[in-house]
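Working through the structure, step by step
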Amino acid sequence: QVQLVESGGGSVQAGGSLRLSCAASGSIFSINFMGWHRQAPGKQRELVATITSGGSTNYADSVKGRFTISRDNAKNTVYLQMNSLKREDTAVYYCAAVVRIRTESKYQDYWGQGTQVTVSS
């Protein structure tokens, strides 16, 4: 009932920048948290950044000062601006949202398909 469509992934050299976007669509009543996770080869998926409906943000220590999460509530879209990218940022990045659909009162977690970010030196 809810789809998250991601864009902006790709390949970049170390020190470069990318901007990821994720738009939620479907029978959405409201969205609480939105955020980004990533999973590198051979590693567990980890939290990158989250943002509440009110704009409060949280970042993994590894990306603080380099990444910025933001959202457009009117468009149900979350962004991740990634600057000063490092090789260790290489991973599949997943968009996530905690969504209440129109027909139910509870919130459910939804995930995007993932987008590859590759940082080379």
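Here is a short report on the structure shown in this document. (Residues numbered from 1 in each chain as written. Predicted model: local features only at pLDDT ≥ 70, side-chain atom pairs only at ≥ 80, totals over all residues. Heavy atoms only, no water.)

Considerations on the packing of aromatic side chains
By the definition in use, this model includes zero aromatic pairs. Positioned over the ring face of Tyr 94 is Arg 45, at 3.7 Å from the centre of the ring. (Phe/Tyr/Trp six-rings, centres within 6.5 Å; stacked < 30°, edge-to-face > 60°. Lys NZ or Arg CZ within 6 Å of the ring centre and 35° of its normal.)

Quick notes on the pattern of salt bridges
Counted by the stated rule, this structure contains five salt bridges. Arg 38 is the partner of Asp 89 in a salt bridge, and the nearest nitrogen-oxygen pair spans 2.9 Å. Here the residue Asp 89 occupies a position in the loop between strand E8 (77-82) and strand E9 (91-101), and Arg 38 occupies one in strand E4 (residues 28-39), the gap between them amounting to 51 residues. For Asp 89, a relative accessible area of 1% translates into the label buried. Beyond isolated ion pairs, a larger network of salt bridges with shared partners links Arg 38, Glu 46, Arg 66 and Asp 89. (Salt bridge = Lys/Arg side-chain N within 4 Å of Asp/Glu carboxyl O. Helix = DSSP H or I, 4+ residues; strand = E, 2+ residues; numbered from the N terminus. Buried < 20%, exposed > 50% of the residue type's maximum accessible area, 1.4 Å probe, protein only.)

Focus: the sheet that holds strand E3 (residues 18-26)
Read from one edge of the open sheet, four strands run E1-E3-E8-E7, paired in antiparallel fashion. Because the sheet does not close on itself, it has two edges, and the strands there are strand E1 (2-7) and strand E7 (67-72). The average undirected angle you get between the axes of adjacent strands in this sheet is 15°. Here E7 runs beside E8; their pairing, made up of six bridges, is antiparallel. Opposite Asp 72, over in E8, you have Thr 77 as the bridge partner. (Pairing = 2+ DSSP bridges. Axes fitted to C-alpha atoms, helices over the stretch in contact; angles between N-to-C directions.)

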